[in-house]
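# Working through the structure, step by step
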Amino acid sequence: SQRCEKPIIPINCGAIPSGLAESEVFGHVKGAFTGAIEDREGVASRADQSTLFLDEIGEMDLELQSKLLRFVQTGRFTKVGSSHEQAVDVRFICATNRDPLEQIEERSFRQDLYYRLNVIHIHLPPLRERGSDIMTFARHFLQQFVAEEEKQFTDFSDETEKLLMAYSWPGNVRELQNVIRSMVVLQDGDLVMASMLPMAVINEKGDRRRRREHIKRDNQMLIERLKDNIKTISSAPTESAVNDPSGTILPLDDVINQAIREAIEYSGGNVVDAARQLGVSASTLYRKIKD
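Described in the following lines is the structure provided in the data block. (Residues numbered from 1 in each chain as written. Predicted model: local features only at pLDDT ≥ 70, side-chain atom pairs only at ≥ 80, totals over all residues. Heavy atoms only, no water.)

### Side note on a nonpolar patch on the surface
Together, Val119, Ile120, Ile122 and Leu124 make up an exposed nonpolar region whose accessible area comes to about 510 Å². Within the element layout of this structure, Ile120 appears in the loop between helix H5 (111–117) and helix H6 (133–149). (Patch = residues over 30% accessible without salt bridge, like charges linked within 9 Å, V, L, I, M, F, W, Y side chains within 5 Å. Areas by Shrake-Rupley, 256 points an atom, 1.4 Å probe, with all protein chains shown as cover. Salt bridge = Lys/Arg side-chain N within 4 Å of Asp/Glu carboxyl O. Helix = DSSP H or I, 4+ residues; strand = E, 2+ residues; numbered from the N terminus.)

Here it is, written out as structure tokens:
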């Protein structure tokens, strides 16, 4: 539109104390109330020729809704404590995580304001209904936090991806963002493994058995990765963790244990570096050492 180069002026209607809401939206003049030591512009003035974004509009006080309705209809408003009316040209975008029609029935949202604002309605489904968008967001956040924390992660394992796709995400994108940030801060490796996920994701009610299977398969992949990395860690092929000097094939647990010992020795006792060399997370390696 012709406003595309102009900024969007946002205001969170649910975060403003009711006594200050009108001033935040319309502004006030000096002396309008205790503490008003100077004139102040509200978001209505700052959004002139631009866009006003009313976030969480369902939380707005009913009295302010009445004044907002007149502002939407006429494009005119009066600052708190003033008798001078101002005219502005504003486009409105509103968002709410509540059902406005239910609020109208509960008499907590004005019906006339709803129908005045509801010109173009866009329904954003919850994250759990967004299909492959979940992994698009997850990879975006992974790249962002890996750069911030200077970690090694490049992607998610197949089992991790399945768990992320299966989780219900009651906190939507914000919850996903925090889960990825937490894993990047606390873990390291080249792949995000299923065992690195928070327990809330792994043990979601009704899916525990399926999720345990994902982690079991992921752990099996870890074992294969350990075996694949043995050759690069061992100083001599004849002394590798696959077989002892006599040529006898060792049990799998002994192979893993010896590979871990060699990796730690190769890394000068640095467990984090040893984990990176083995292609696993430091927490996984610490757990294996403890076992």
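### A look at the packing of H6 against helix H7 (residues 158–166)
For the pair H6 and H7, the least separation of the axes is 9 Å and the interaxial angle reads 120°. Relative to H7, the element H6 lies oblique. The chirality of how H6 crosses H7 is right-handed. In this structure, H6 uses Ile134, Met135, Ala138 and Arg139 to contact H7, whose residues at the interface are Glu161, Leu164 and Met165. Its residues assigned to classes, the contact of H6 with H7 shows five nonpolar, no polar and two charged. (Axes fitted to C-alpha atoms, helices over the stretch in contact; angles between N-to-C directions. Parallel < 35°, antiparallel > 145°, perpendicular 65-115°, else oblique. Left-handed = near helix turned anticlockwise from the far one by under 90°. Contact = heavy atoms within 4.5 Å. Nonpolar A, V, L, I, M, F, W, Y, C, P; charged D, E, K, R; others polar.)

### Digging into the packing of aromatic side chains
For the structure shown, the criterion picks out eight aromatic pairs. Aromatic pair Tyr167 and Trp169: ring centres 4.6 Å apart, planes at 85°, arrangement edge-to-face. Accessibility expressed as a relative area gives 6% for Tyr167, which makes it buried. Counting every residue linked through ring pairs, the aromatic cluster contains Phe26, Phe71, Phe77 and Phe92. (Phe/Tyr/Trp six-rings, centres within 6.5 Å; stacked < 30°, edge-to-face > 60°. Buried < 20%, exposed > 50% of the residue type's maximum accessible area, 1.4 Å probe, protein only.)

### Observations regarding H6
Since there are 3.6 residues in each turn of an α-helix, residues three or four apart along the chain are aligned in direction. Taking 1.5 Å of rise per residue, 17 residues should cover 24 Å, and H6 covers 24 Å from first to last C-alpha, within 8% of that figure. Buried within H6 are the following residues: Ile134, Met135, Ala138, Phe141, Leu142, Phe145 and Val146. Buried residues along H6 cover an arc of 130° about the axis, so they all sit on one side. Facing away from the buried side of H6, by more than 90 degrees, are the exposed residues Thr136, Gln143 and Ala147. Elements that come into contact with the buried residues of H6 comprise strand S8 (155–156), H7, helix H8 (172–186) and strand S9 (191–192). (Expected span 1.5 Å × (residues − 1). Arc of directions from axis to C-beta.)

### Re the environment of Ser168
The topology assignment puts Ser168 in the loop between H7 and H8. Each residue touching Ser168, except ones within four places of it in the same chain, is listed here: Arg128 and Glu204.

### Section: the sheet that holds strand S1 (residues 8–12)
An order of S1-S4-S7 is seen for the three strands of this open sheet, with the pairing classed as parallel. Sheet topology places S1 and strand S7 (90–95) at the edges, where each strand pairs with a single neighbour. Averaged over all adjacent pairs, the angle separating strand axes in this sheet is 20°, with direction ignored. As paired elements, strand S4 (residues 50–55) and S7 share six bridges and run parallel to each other. Note on S7: the bridge partner recorded for Asp55 is Ala95. Taken strand by strand, helix H3 (residues 62–74) contacts S4 and S7, and its axis lies near 135° from that of S7. (Pairing = 2+ DSSP bridges.)

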